[in-house]
Amino acid sequence: MAYSSVTPLLQIVSILICSLVATSAGNFYQDFDITWGDGRAKILNNGDLLTLSLDKISGSGFQSKNQYLFGKIDMQLKLVPGNSAGTVTAYYLSSQGATHDEIDFEFLGNLSGDPYILHTNVFSQGKGNREQQFYLWFDPTADFHTYSILWNPQSIIFSVDGTPIRQFKNSESIGVPYPKNQPMRIYSSLWNADDWATRGGLVKTDWTKAPFTASYRNFNANACVISSSGASSCTSSSKNGNSNAWLEEQLDSTSQERLKWVQKNYMIYNYCSDSKRFPQGLPPECAAA
C-alpha cells in the first residue's frame, strides 16, 4: 500500500487538526520526565520539542509527571524515517502492577518505502489480547501528525489527525472489564524489537542506520489529573462545564462513517475476526461491537 493514496480531504483535515492542537500545546519540561536512555532522550527548543533516539546500546523513553483518570490526550509525532525495520515507537497510557490498565499506540518500523504498521491494544485489569492493526494513509515520517486518545467512562477512541480509527466501548454490562479505576501515566519509548516487530522478526534492525530518532511536539491533555492523595482535578461541578465536555463525548454520525472508512480500507488485523486465535469463541465485546 503506497502512501500516495492519501485523499485530499484527509490531508486538509490533518493540517487543520495539527494547527488546532498547536494552539494549546504543553511544555515538555513541565509535563514530562525523561526516564531512561542515558542522554538519548532530549528536550529541545525551550521545551517545545522532545526527541527519542535508539542505537545498538540502548533506546530511550519518557513519562508524564501527572497521572490521569479519563482524558482527551493529543501528541504530535514524527516517526523514524528511512529503514526503521526492527524499531518500535510506543506511545501509551498505563497504570502499574499485575492487574494494570493500558491504552496503546505502537508504531512498528519497516524497510524503506514500506508502510509503518500502527498497532493498538487495550488492557483492562491486566488482560490485553485486543489488538487491532492499521496502515496509515500518509507517510508518518515526513511530517508531524496528531495521535489522540479519548478515554471517558463510555469508551476509548483512538484517532489520527482527528480521524477515529478504533473505538473500544465500555462493555461491563456483559462482563468485560473496562479501565475506569486506575490512574494512568503517559509513557513513550523508542526501542529495538527486531525479534518480532517487522515481518514477525524476519527483518532485523540495520544498525548502520543508527541512531534512529523519533520526534514529539504539541502535547495537550484535557484530562482529570489525579493528585498524590488520590483527588481528581475534575470535581463534580467542573464535570458539568464545557471544558470537560469530552467526558460525555461520543462518535457522531460523521465520525462513525470515517471510522468505518478507515477500518474498511486500512485495518490489517482485528482480533475480533481471528477465530483461529480464539477457538473457544471470540471475546464477548466482539459480538457487542
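For the structure itself, look to the data block above.
Now for a description of the structure that goes with this document. (Residues numbered from 1 in each chain as written. Predicted model: local features only at pLDDT ≥ 70, side-chain atom pairs only at ≥ 80, totals over all residues. Heavy atoms only, no water.)

## Some details on the nonpolar core
Stage number 1. One finds Met-75, Phe-105, Tyr-147, Trp-151, Ile-156, Ile-165 and Tyr-216 to be the most contacted residues of the largest nonpolar core, which totals 62 residues.
Stage number 2. Among the elements that line this core, the one with the most residues is strand E14 (residues 212–226), at seven residues.
Stage number 3. Residues within four places of Met-75 in sequence aside, it is in contact with Phe-28, Phe-32, Phe-62, Tyr-91, His-145, Thr-146, Tyr-147, Tyr-216, Arg-217, Asn-218 and Phe-219.
Stage number 4. Within the second largest apolar cluster, five residues are counted, among which are Val-88, Ile-117, Ala-193 and Ala-197. (Core = buried A, V, L, I, M, F, W, Y, C linked by side-chain atoms within 4.5 Å. Buried < 20%, exposed > 50% of the residue type's maximum accessible area, 1.4 Å probe, protein only. Helix = DSSP H or I, 4+ residues; strand = E, 2+ residues; numbered from the N terminus. Contact = heavy atoms within 4.5 Å.)

## Considerations on helix H3 (residues 253–265)
Stage number 1. Helix length check: H3 (13 residues) gives 18 Å between terminal C-alpha atoms against 18 Å at 1.5 Å per residue, within 8%.
Stage number 2. Turning to H3, its buried residues number three or more, namely Ser-255, Leu-259 and Val-262. One face of H3 carries all of its buried residues, which in axial projection span an arc of 65°. Among the exposed residues of H3, those pointing more than 90 degrees away from its buried face are Ser-253, Thr-254, Lys-260 and Lys-264.
Stage number 3. Its buried side turned inward, H3 meets strand E9 (132–134), strand E12 (163–169) and strand E15 (267–270). (Expected span 1.5 Å × (residues − 1). Arc of directions from axis to C-beta.)

## Side note on the sheet that holds E9
Sheets are built from strands that pair by backbone hydrogen bonding, the pairs being arranged parallel or antiparallel.
Stage number 1. Pairing in this open sheet of eight strands is antiparallel, and the strands run E1-E4-E13-E6-E7-E8-E9-E15 from one edge to the other. Each end of this open sheet is capped by a strand with a single partner; those strands are strand E1 (32–36) and E15. Recorded for the sheet is a direction-independent mean angle of 15° between the axes of neighbouring strands.
Stage number 2. Where strand E4 (residues 60–64) lies against strand E13 (residues 185–192), four bridges are found, and the strand directions are antiparallel. The residue of E13 that forms the bridge with Gln-63 is Tyr-187. (Pairing = 2+ DSSP bridges. Axes fitted to C-alpha atoms, helices over the stretch in contact; angles between N-to-C directions.)

## So, the sheet that holds strand E10 (residues 145–151)
Stage number 1. Pairing is antiparallel across the open sheet formed by seven strands, whose spatial order is E2-E3-E14-E5-E10-E11-E12. Looking along the sheet, the strands with just one partner apiece sit at the ends: strand E2 (42–44) and E12. Geometrically, the sheet is characterised by an average inter-axis angle of 25° between neighbouring strands, direction not taken into account.

## A word on the side chain of Ser-95
Stage number 1. Mapped onto the secondary structure, Ser-95 falls in the loop between strand E6 (87–94) and strand E7 (102–108).
Stage number 2. A relative accessible area of 6% means that Ser-95 is categorised as buried.
Stage number 3. Among the polar contacts made by the side chain of Ser-95, one reaches the main-chain amide nitrogen of Asp-101 at a distance of 2.8 Å.
Stage number 4. For Ser-95, the side chain forms a polar contact with the side chain of Gln-182, separated by 2.8 Å. (Polar contact = N/O pair within 3.5 Å; in protein donor to acceptor, adjacent residues only side chain to side chain.)

## Observations regarding the packing of aromatic side chains
Stage number 1. A complete count under the given rule lists 19 aromatic pairs for this structure.
Stage number 2. A centroid spacing of 5.7 Å and a plane angle of 85° characterise the contact between Trp-137 and Phe-138, whose relative ring orientation is edge-to-face. The exposure classification of Trp-137 matches that of Phe-138, with both residues buried.
Stage number 3. Ring pairing ties together the aromatic residues Phe-28, Phe-32, Phe-62, Tyr-216 and Phe-219, which thus form one cluster. (Phe/Tyr/Trp six-rings, centres within 6.5 Å; stacked < 30°, edge-to-face > 60°.)

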